[in-house]
Amino acid sequence: MTAKPSQRNSVSGTRKLAVANLNKSFGSTAILKDVSFEIEEGEFVCFLGPSGCGKTTLLLCLAGLESPDSGEIYKNGQVITMAPPSQRDVGIVFQSYALFPNLSVYDNIAFGLVNLKWAKDKIREAVGGLVSLLSLEGHENKYPSQLSGGQQQRVALARALAVSPSLLLLDEPLSALDAQVRTRLRGEIRDLQQRLKITTVMVTHDQEEAQTLADRIVLMNAGRIEQIGTPWQIYNEPATPFVADFMGVSNLIQGVVSAQDEVACDQFALRCNTQDYPVGTKVQLLLRPEDIAVVAPTNMPEQAPINLLQATIVKIEYLGAVVRAHVVSATGLTLKVDISKRDFDPALHGVSQALGLTIATNDIRLFVQ
């Protein structure tokens, strides 16, 4: 169904980009389900989610390469839902880069400007500026096959930026690159976006990529938006168990509110803020691995701390800055616990070693089942 007039007015003000009640299906499969959000001018927003959640389809609808079944898309207060790509003032970079193999770097970047019938001297000036901006000096006469993946990515970005779009769309542009190049280029993309102050929307399934690049994240699941927020909010204040589980590493435990500020789990209880949940409410508890403190049995305080669990290490993973211990508590609960490199002691934290775990009440987040 098309957005009602009142809905139109609520999203069609001065926002750079707004989407209201967007729906899209392919056959009997619903891909987008009542998707709505707003993006401010100059924001960097990441669409994040697992494969098949609808994020790429949403990006293609913004670009005009797919048409929604219902709903509206606004740009600068104007409805562009069915406008062709040529009338949307957008630049787009695809995962495959989609460079013209028979054109040089210079001609690839200049392609859009040639189609706009710019004068040759103006094209030369614009391409030269982008070549310098994206560190492509010396590669102007090369063909895409002669470039590294990172260089091809820069050429694709330069081509998208050449026409000075007011909106830049990036469809998983870094997924084909190795880890080191990907890390370096995402920093360059963010620096470039902030210098140009261009409104940017990027699709990714990489949590770290979204957290390091985005001003805000739109986290999607099965065609719907689960949560919109800053990287800090998405990680530290997840709205649903799906968000908690998708962002970072989590321990999710089933329980029932047994008393004020207490949740009974299988054979043990945890003190936490139960807010206004009445006794008997079924909940899930989120415990982040980095929020679980490790206490060696020999250093156990005389007075047992709140939320103390006895556990045994069954597996160790070395992750650089942290060591992740997989432990099983005396009650059979399996948890992932992060120990900083500084605090890790192989003599105390090896497989089969016993340890104590404590969790601060404020570090436990509850979700109603």
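This is a predicted model, so every value here is computed, not measured. (Residues numbered from 1 in each chain as written. Predicted model: local features only at pLDDT ≥ 70, side-chain atom pairs only at ≥ 80, totals over all residues. Heavy atoms only, no water.)

A closer look at the sheet that holds strand β6 (residues 90-93)
Under the convention used in this document: In this analysis, strands are considered paired if DSSP registers two or more bridges between them. Runs of H or I in DSSP of at least four residues are treated as helices and runs of E of at least two as strands, each being numbered from the N terminus. Axis definition: a line fitted to C-alpha atoms, over the contacting stretch in the case of helices. Angles run 0 to 180 degrees between N-to-C directions.
What the 6 strands build is an open sheet, ordered β6-β7-β8-β3-β9-β10; its pairing is mixed. Two strands bound the open sheet, and with one partner strand each, they are β6 and β10 (224-229). In this sheet, adjacent strand axes meet at a mean angle of 15° when their direction is disregarded.

Brief notes about the environment of W118
Applicable threshold: Contacts were defined at the residue level, with two residues in contact if any of their heavy atoms lie within 4.5 Å.
One can find W118 in the loop between α3 (105-115) and α4 (120-133). Taking the C-alpha atoms as reference, W118 lies 28 Å from P173; in sequence the two are 55 residues apart. In contact with W118, not counting residues within four places along its chain, are L113, I123 and A126.

Here we look at empty space enclosed by the protein
The test is simple: We place a 1 Å grid over just the protein atoms. Points where a 1.4 Å probe fits but has no way out form a cavity, open points with protein on both sides within 12 Å along at least 5 of 7 lines form a pocket, and any residue with an atom within 4 Å of a point lines it. Grid points are joined across faces, edges and corners, and a volume is the space filled by probe spheres set on the points. Only Asp, Glu, Lys and Arg are considered charged, only Ala, Val, Leu, Ile, Met, Phe, Trp, Tyr, Cys and Pro nonpolar, and every remaining residue, Gly among them, polar.
Applying the stated criterion across every chain, the model contains 1 cavity of 30 Å³ or more. The volume enclosed by the largest cavity comes to roughly 50 Å³. Elements with a contribution of two residues or more to the lining of the largest cavity: α5 (149-162), β7 (167-171) and α6 (179-196). Classifying every residue of the lining of the largest cavity gives 9 nonpolar, 2 polar and no charged.

Some thoughts on the layout of surface pockets
For the largest pocket, the calculated volume is near 580 Å³. Those elements that place two or more of their residues in the lining of the largest pocket are β6, α3 and α5. Within the lining of the largest pocket, the residues separate by chemical class into 13 nonpolar, 4 polar and 2 charged. Taken as a whole, the second largest pocket spans an internal volume of roughly 330 Å³. For the second largest pocket, the lining is made up of 17 residues, of which N236, N362, D363, I364 and R365 are closest to its centre. Contributions of two or more residues to the lining of the second largest pocket are made by α8 (231-236), β14 (282-287) and β20 (365-368). When its residues are assigned to classes, the lining of the second largest pocket shows 7 nonpolar, 5 polar and 5 charged.

Some details on the nonpolar core
The condition that has to hold: Nonpolar core, defined: a set of buried Ala, Val, Leu, Ile, Met, Phe, Trp, Tyr and Cys residues in which side-chain atoms within 4.5 Å join the residues together. Partly exposed residues are those whose accessible area sits between 20% and 50% of the maximum for their type, while under 20% is buried and over 50% is exposed, using a 1.4 Å probe and protein chains only.
Residues I109, L170, I217, L219 and M247 are the most contacted members of the largest nonpolar core, which totals 45 residues. With 7 residues, the top contributor of residues to this core is α5. In contact with I217, other than residues within four places in its own chain, are C46, L48, A210, Q211, Q227, I228, G229, P231, I234 and M247. Residues V263, L357, I359 and I364 belong to the second largest nonpolar core, which totals 28 residues.

A look at the pairing of strand β17 (residues 322-329)
Here β17 lies mainly inside the structure; 6 of its 8 residues are buried. Linking strand β16 (residues 308-318) to β17, which pair antiparallel, is a turn of 3 residues; within it G320 sits at a positive phi near 90°. In terms of strand pairing, β17 meets strand β18 (residues 334-340) through 7 bridges, oriented antiparallel. Bridged to V327 within β18 is L335.

Some thoughts on the packing of aromatic side chains
Under the convention used in this document: In this scheme Phe, Tyr and Trp rings, the latter by its six-membered ring, pair at centre separations within 6.5 Å, and the angle between planes marks the pair as stacked below 30 degrees, edge-to-face above 60, and tilted otherwise.
Scanning the entire structure with this criterion turns up 4 aromatic pairs. Relative to F47, the ring of F37 lies with its centre 5.5 Å away and its plane at 70°, an arrangement referred to as edge-to-face. With F37 in strand β2 (residues 29-39) and F47 in strand β3 (residues 44-48), this pair connects stretches of sequence that are 10 residues apart. Across the pair, exposure class does not vary: F37 and F47 are buried alike. Between F100 and F111, the aromatic rings sit 4.5 Å apart at their centres with planes inclined by 40°, giving tilted as the arrangement. With a gap of 11 residues between them, F100 in the loop between β6 and α3 and F111 in helix α3 connect regions that are remote in the sequence.

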